[in-house]
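Tertiary structure, described
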Amino acid sequence: MSSQSDQSTRRVEGKPRVIVTRALTPVVEERMGELFDCRFNESDEPMDREALIAAMRECDVLVPTVTDRIDAAMLDAAGDRMRLIASFGAGTDHIDLAAAAARKITVTNTPSVFTEDTADLAMALIIGVPRRMREGVSLVRSGEWSGWAPTAMLGRKLAGKTLGIVGMGRIGQAVAHRAKAFGLDLVYHNRKRLPEAVERMFGASYVESLDDLLAQTDILTLHCPSNPESHHMIDAQAIARMKPDACLINTARGDLVDQDALVEALESGHLAGAGLDVYPEEPKVDPRLLAHPNVMTLPHIGSATAEGRAASGEKVIANIRFWADGHRPPDQVLDALI
């Protein structure tokens with residue numbers, strides 16, 4: 001099946017009607033308002049299913065975010081006006097790409113701009129969980145800290161430990177670059193092995209089997225997309241293969257991990273802790289995770305930097321301008337069935 005390249009050649013006369021589902025940074029919204037006929041979400045309340053369908057019926061271009069689920073039935077109900085989905089964010093698992101392609105709707109995203117930001121946050125969790133930072137912060141804030149003691153708040157050092165990276169794309173490699181400076185031994189699992197020169201640069205060893213990787217790692221960090229193959233890739237069986245006292249870090253997608261299995265492993269003491277920025281039913285967070293003393297829970301802020309969000313907005317604008325001028329957008333997503 002071909003890509004959507006034949007779908008972006010229709011030139012739009014006048015300013016395209018653009019509906020943005022969430023509030024963006026003021027500079028981005030100001031520029032979009034100058035270039036396009038825009039409708040912004042001033043309340044910043046997430047749109048429900050019916051509101052998204054209504055928006056798609058009224059616009060030439062929809063600018064959703066990664067939290068806006070757009071499935072085949074919604075696209076069928078939207079009518080024929082909308083011809084571009086210019087998504088704000090790198091992920092595309094929230095959009096039924098095959099259904100969009102079937103309806104000749106071009107889809108774009110904003111890749112690469114959040115790589116360093118997400119890697120920074122992942123590294124913060126990689127450091128913070130073994131050193132029990134969440135527990136330490138709570139201790140100080142509670143007023144119960146009794147002072148320094150030789151045996152108090154003992155965590156685990158990073159140097160010499162094995163970091164297992166699942167998904168060695170842009171973000172995984174950026175994490176590897178940071179982790180190397182902390183003296184971590186690096187192993188990785190990926191759909192395709194990296195070139196030998198890249199492995200040497202990071203000092204990383206390829207592990208073909210995920211099961212083998214799990215058995216080797218002291219800290220496991222996930223950097224792969226959400227899809228049917230990766231759903232619950234870290235389940236009870238996978239966690240059982242991990243070392244006792246290992247830590248799990250997830251800044252990718254919440255459904256990569258079976259949350260019940262994770263909670264059970266934490267409560268039993270099989271896992272020493274977890275660092276989570278994503279959850280399967282956001283914004284809900286399992287209260288059992290919140291209660292655990294060594295689970296760092298963050299509100300999906302891997303990409304939350306002013307610089308990253310501005311750059312993502314600029315990519316959205318560029319994609320719309322190219323498309324409206326009859327050219328292939330620079331960040332056009334290929335058909336999901338390729």
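One structure accompanies this document, and this report is about it. Here the structure is a predicted model, which is why all the values come from computation and not from measurement.

1. Some remarks on the environment of Cys38
As for its placement among the helices and strands, Cys38 is situated in strand 2 (residues 37-39). Accessibility expressed as a relative area gives 13% for Cys38, which makes it buried. Residues Cys38 and Ser112 lie 74 residues apart in sequence; the distance between their C-alpha atoms is 25 Å. Beyond its immediate chain neighbours, meaning those up to four positions away, Cys38 contacts Val18, Met32 and Gly33.

2. What to know about the state of the cysteines
Under the defined criterion, the tally for this structure stands at zero disulfides. Here Cys224 is not disulfide-linked; the sulfur of Cys247 is the nearest cysteine sulfur, at 18 Å. Cys247 sits in the buried class, given a relative accessible area of 5%.

3. Quick notes on the nonpolar core
The biggest cluster of nonpolar side chains holds 30 residues, and the ones touching the most others in it are Val166, Leu220, Leu222, Ile234, Ile239, Leu262 and Leu271. If you list the elements that add at least two residues to this core, you get helix 9 (210-216), strand 9 (219-222), helix 10 (236-241), strand 10 (246-250), helix 11 (259-268) and strand 11 (271-276). Ranked by the residues each element gives to this core, the list is headed by helix 11, at five residues. In this structure Leu220 touches Gly164, Val166, Leu213, Leu214, Ile234, Met242, Cys247, Leu248 and Ile249, once residues within four positions along its chain are discounted. Within the second largest apolar cluster, 25 residues are counted, among which are Ala119, Met123, Cys247 and Ile249.

4. Concerning helix 11
For helix 11, the set of buried residues is Gln259, Ala261, Leu262, Val263, Ala265 and Leu266. Buried residues along helix 11 sit against helix 10, strand 10, strand 11, helix 12 (287-291) and strand 12 (295-297). By the N-cap criterion, in which a side-chain oxygen at the helix start approaches the backbone nitrogen of a residue two or three places on, helix 11 is capped by Asp258, the distance to Asp260 being 3.2 Å.

Here is what the cut-offs are and how they apply
- Here the residue numbering is sequential within each chain, running from 1 through the sequence in written order.
- Given that the model is predicted, a residue must reach a pLDDT of at least 70 before its local features are reported, and side-chain atom pairs must reach 80 or more before they are shown or counted; all residues, however, enter totals for whole chains, interfaces and linings.
- Only hydrogens and water are removed before side-chain values are computed, so all heavy atoms of the structure are retained for them.
- To qualify as a helix, a DSSP run of H or I must reach at least 4 residues; to qualify as a strand, a run of E must reach at least 2; elements of each kind are numbered from the N terminus.
- Under the scheme applied here, a residue whose accessible area is under 20% of the maximum for its type counts as buried, over 50% as exposed, and between as partly exposed, the area being computed with a 1.4 Å probe on protein chains only.
- We call two residues in contact when some of their heavy atoms are within 4.5 Å.
- To count as a disulfide, a pair of cysteine sulfur atoms needs to be within 2.5 Å.
- To qualify as a nonpolar core, a set must consist of buried Ala, Val, Leu, Ile, Met, Phe, Trp, Tyr and Cys residues joined through side-chain atoms within 4.5 Å.
- Throughout this description, a polar contact denotes any pair of N or O atoms lying within 3.5 Å of each other; where both atoms belong to protein, one of them has to be capable of donating a hydrogen while the other can accept it, and for residues adjacent in sequence the pair is counted only when both atoms sit in side chains.

Geometric values such as these leave the question of function open.
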